[in-house]
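Chain and residue survey
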Amino acid sequence: PVTTTQAPVTTTPIPAQNMKDFSEALRLSQLFYYAQRSGQLPADNPIPWRGDSALNDCVTGGWYDAGDHVKFGFPMAGALTVLLWGAERFKEGYHNASQTDTMYDTVRWGLDYLVDAWDPFNETLVIQVGDGDVDHQFWGRPEDMTMPRPCVTISPQRPGSDVAAE
């Protein structure tokens, strides 16, 4: 028979200065979504250097994608799915960190955009706002954009079940 010997387990208290402040990490991670907001921003927007942008888009609101100024429905819906799953799965953590209302505000911004992207009368869904090729030539704030921002839509005549299902 094989005999193994385990070293005794000792625990050392973590000094207070090394403790992780997960409440603060969660609060700061939420700011990312506020910084990516498109549209008319509320007066209580916590990012002071951001202002209203893309007010003439075919669908206003939502979030910019990947540090540029295009709005893609698929990754936005995917991000919302993960945020909502996390909010449900770790509800107690959000509560303990006093971030529940912030999370609801964050997902409401994205969900409102997706609802507005659907036109039930014409059965079309806007899945993209902006042109990545043109957008990537502009290195500036979204508040200063002047380039055309076309919309890409799906419909029964132009299907896109993958993005619509997300």
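Residues numbered from 1 in each chain as written. Predicted model: local features only at pLDDT ≥ 70, side-chain atom pairs only at ≥ 80, totals over all residues. Heavy atoms only, no water.

Here's the deal with the overall build of the protein
- For the protein, the count of helices and strands is six helices and four strands.
- When the helices and strands of the protein are placed in sequence order, the string is α-β-α-α-α-β-β-α-β-α.
- Here the protein holds 166 residues, and the buried ones make up 36% of them.
- Long-range pairs, those at least 24 residues apart, make up 60% of the contacts in the protein with a sequence separation of at least 6.
- Accessible surface for the protein amounts to roughly 11,100 Å². Of this, 57% is attributable to carbon and sulfur atoms. (Helix = DSSP H or I, 4+ residues; strand = E, 2+ residues; numbered from the N terminus. Buried < 20%, exposed > 50% of the residue type's maximum accessible area, 1.4 Å probe, protein only. Contact = heavy atoms within 4.5 Å. Areas by Shrake-Rupley, 256 points an atom, 1.4 Å probe, with all protein chains shown as cover.)

Points about helix H4 (residues 100-117)
- End to end, H4 covers 26 Å across 18 residues, agreeing with the expected 26 Å (1.5 Å per residue, within 8%).
- The elements touched by buried residues of H4 are helix H1 (22-35), strand S1 (71-72), helix H2 (73-89), helix H3 (91-96), strand S2 (118-119) and strand S3 (124-129). (Expected span 1.5 Å × (residues − 1).)

A few points about the pattern of salt bridges
- Under the defined criterion, the tally for this structure stands at nine salt bridges.
- The residue Asp 57 makes a salt bridge to Lys 71 at a minimum N-O spacing of 2.9 Å. Pair noted here: Asp 57 is in the loop between H1 and S1 and Lys 71 is in strand S1, with a separation of 14 residues, a long-range link. Here Asp 57 matches Lys 71 in class, with each residue buried.
- Residues joined in a network through salt bridges with shared partners are Arg 50, Arg 141, Glu 143 and Asp 144. (Salt bridge = Lys/Arg side-chain N within 4 Å of Asp/Glu carboxyl O.)

With respect to the state of the cysteines
- Evaluation of the coordinates by the stated rule reveals one disulfide.
- Sulfur-sulfur distance for the disulfide between Cys 58 and Cys 151 comes to 1.5 Å. An S-S torsion of about -105 degrees defines the bridge between Cys 58 and Cys 151 as left-handed. Linking Cys 58 in the loop between H1 and S1 with Cys 151 in strand S4 (residues 151-154), this pair joins segments that are 93 residues apart in sequence.
- Overall, the relative accessible area of 44% leaves Cys 58 in the partly exposed class.
- Residue Cys 151 is classed as partly exposed on the basis of its relative accessible area of 30%. (Disulfide = S-S within 2.5 Å.)

Description of the nonpolar core
- Of all hydrophobic cores here, the largest spans 22 residues; its most connected members are Trp 63, Leu 83, Met 103, Tyr 113 and Val 126.
- Only H1, H2, H4 and S3 provide two or more residues apiece to this core.
- Every residue in contact with Leu 83, bar those within four places of it in the chain, is listed here: Tyr 33, Trp 63, Met 103, Thr 106 and Val 107. (Core = buried A, V, L, I, M, F, W, Y, C linked by side-chain atoms within 4.5 Å.)

Regarding the packing of aromatic side chains
- For the structure shown, the criterion picks out three aromatic pairs.
- Ring geometry for Tyr 33 and Trp 63: centres 5.0 Å apart, planes at 55 degrees, overall tilted. With a gap of 30 residues between them, Tyr 33 in helix H1 and Trp 63 in the loop between H1 and S1 connect regions that are remote in the sequence. Take Tyr 33 and Trp 63: they sit in the same class, and that class is buried.
- Here the aromatic rings of Trp 85 and Phe 90 are separated by 5.8 Å at their centres, their planes lie at 85 degrees, and the arrangement is edge-to-face.
- Taking relative accessible area as the criterion, Trp 85 reaches 53% and is therefore assigned exposed. (Phe/Tyr/Trp six-rings, centres within 6.5 Å; stacked < 30°, edge-to-face > 60°.)

Limitation: the analysis is restricted to geometry and does not speak to function.
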